[in-house]
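Listed below are the residues making up each chain.
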Amino acid sequence: MSNLDEIRKNNPLIICYTNDVVKNFTANGLLSLGASPAMSEAPEEAKEMLSVAQALLINIGTITKERARDMIEIAKIANKVGTPIIFDPVAVGASDFRKQFCKQFLNEIDVAVIKGNASEVLTLIDEETTMKGTDSDVSLNSVDIARKALDKLHSAIVVTGSEDIVAQGNQIIKLSNGSELLTRITGAGCLLGAVIGAFLTTKNKVQVQQLEEAVSIYNIAAETAEKISEQRGPGSFLTALVDRLYHITYDDYLKSFKRTEV
């Protein structure tokens, strides 16, 4: 059974501590895929929720001092109960506050997957990196960044961009599906972090195949959504993307995914 089929059979609970901008979109995207989202941010309920959850997404997009404290407390509970964590260091290079929080988080927390664009991931391994927000520097070498991040951070790495890079174990994979319109809507990358959590169908070590399938299925859905929305623009594309996550099949993935080992 594919990971996608397992998601639709078991409807895994994905706890999302994510940013305010994308909560509704993330929840709808997970529901369309077949998972069960919970936007739980209370440390007081974390043990009960995480004990039955498949994964925890920590997304720092709208971080505050209080939220930073809660994220670390919840993540420590996830580590104790064995729930894998996907960490999305949104705009980490935009401020020293974000950099220092991510440094603390990665020092104190066992993270299963780190997902970010090239600039964000580079900032995690090079504190001198700066950025103007969530935008990535397109001139960066994503493969090299993924390789260095894997060696330094000891977590599976997903670097997003015009081509996506997955790094885990001794493998680095380039994935080439996707749509330019993903850069024209808010929260596309944030939803991908949650989708990756849905594909972690075992609590054992993260497998490259799980990450490949998560990223490729998401991007193939985006390609089809772009065709469906035609020339209508990002608003129609957003709706079509949620619809395609509902309809996409494992056969669609097998027919369309573009993968290169590097």
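Given the structure is predicted, the values throughout are model-derived calculations rather than measurements.

A look at the pattern of salt bridges
Where side chains of opposite charge bring their charged atoms close, a pairing between them can arise. Considering all chains together, one arrives at twelve salt bridges under this definition. Between Glu 41 and Lys 23 there is a salt bridge, and its shortest N-O distance comes to 2.8 Å. A residue pair is termed long-range when its members are at least 10 positions apart, and Glu 41 in the loop between β2 (36–38) and α3 (43–51) and Lys 23 in helix α2 (residues 23–33) qualify at 18 residues. Ionic pairing is found between Glu 212 and Arg 259, a salt bridge with its closest N-O pair at 2.9 Å. One end of the pair, Glu 212, is in helix α9 (residues 208–229); the other, Arg 259, is in strand β9 (residues 259–261), with 47 residues separating them in the sequence. Overall, Arg 259 belongs to the partly exposed group, its relative accessible area being 34%.

Some thoughts on the pairing of strand β3 (residues 55–59)
Of all five residues in β3, five are buried; the element is thus mostly enclosed. Both strand β1 (residues 13–17) and β3 contribute to a ladder of four bridges, which runs parallel. Paired with Ile 14 across the two strands is Ala 55, which belongs to β3. By the bridge criterion, four bridges tie β3 to strand β4 (residues 85–88) in an arrangement that is parallel. Residue pairing across strands places Leu 57 opposite Ile 86, the latter belonging to β4. A crossover connection joins β3 to the parallel β4 through helix α4 (residues 65–81); in handedness this β-α-β unit is right-handed.

Quick look at the packing of α3 against α4
Running from N to C, α3 and α4 point in directions that differ by 30 degrees, and their axes come no closer than 9 Å. On the basis of the axis angle, α3 is roughly parallel to α4. When you trace α3 past α4, the crossing you get is right-handed. Contacts from Pro 43, Ala 46, Lys 47, Leu 50 and Ser 51 of α3 reach α4 at Asp 70, Glu 73, Ile 74, Ile 77, Ala 78 and Val 81. Tallied by class, the residues present in the contact of α3 with α4 amount to seven nonpolar, one polar and three charged.

Digging into the sheet that holds β3
In spatial order, the strands read β2-β1-β3-β4-β5-β6-β7-β8-β9; together these nine strands make up an open sheet with mixed pairing. Across the chains shown, the open sheet's two edge strands, defined by having one partner strand only, are β2 and β9. Between one strand axis and the next, the sheet turns through 20 degrees on average, direction left out of account. Where β1 and β2 come together, three bridges link them in parallel fashion. Bridging from a neighbouring strand, Ile 15 pairs with Ala 38 of β2. Of the strands in this sheet, β4, β5 (113–117) and β6 (156–160) touch helix α6 (residues 118–125), which is tilted by about 125 degrees from β5.

What about the packing of α4 against helix α5 (residues 96–108)?
Two quantities define a packed helix pair, namely the angle between the axes and the distance from one axis to the other. Across the interface, α4 lies against α5 with an axial gap of 11 Å and an inter-helix angle of 15 degrees. Considering the angle they form, α4 stands roughly parallel to α5. Crossing of α4 against α5: the hand is right-handed. Taken together, the residues of α5 that come into contact with α4 (itself represented by Lys 65, Ala 68, Met 71, Ile 72, Ala 75 and Lys 76) are Phe 97, Phe 101, Gln 104, Phe 105 and Glu 108. Class assignment of the residues belonging to the contact of α4 with α5 gives a composition of seven nonpolar, one polar and three charged.

With respect to the side chain of Asp 164
Positionally, Asp 164 belongs in strand β7 (residues 164–168). Within the buried set, Asp 164 has no salt-bridge partner at all; the shortest N-O distance to an opposite charge, 8.2 Å, is to Lys 115. A polar contact of 3.0 Å, which involves the side chain of Asp 164, links it to the backbone nitrogen of Gly 161. Those residues in contact with Asp 164 that sit more than four places away from it in its chain are Val 159, Ile 173, Lys 174, Leu 175, Asn 177, Val 215 and Asn 219.

Calculation notes
- Residues numbered from 1 in each chain as written.
- Predicted model: local features only at pLDDT ≥ 70, side-chain atom pairs only at ≥ 80, totals over all residues.
- Heavy atoms only, no water.
- Salt bridge = Lys/Arg side-chain N within 4 Å of Asp/Glu carboxyl O.
- Helix = DSSP H or I, 4+ residues; strand = E, 2+ residues; numbered from the N terminus.
- Buried < 20%, exposed > 50% of the residue type's maximum accessible area, 1.4 Å probe, protein only.
- Pairing = 2+ DSSP bridges.
- Right-handed = clockwise from strand over helix to strand, strands pointing away.
- Axes fitted to C-alpha atoms, helices over the stretch in contact; angles between N-to-C directions.
- Parallel < 35°, antiparallel > 145°, perpendicular 65-115°, else oblique.
- Left-handed = near helix turned anticlockwise from the far one by under 90°.
- Contact = heavy atoms within 4.5 Å.
- Nonpolar A, V, L, I, M, F, W, Y, C, P; charged D, E, K, R; others polar.
- Lys, Arg positive; Asp, Glu negative; His and termini not counted.
- Polar contact = N/O pair within 3.5 Å; in protein donor to acceptor, adjacent residues only side chain to side chain.

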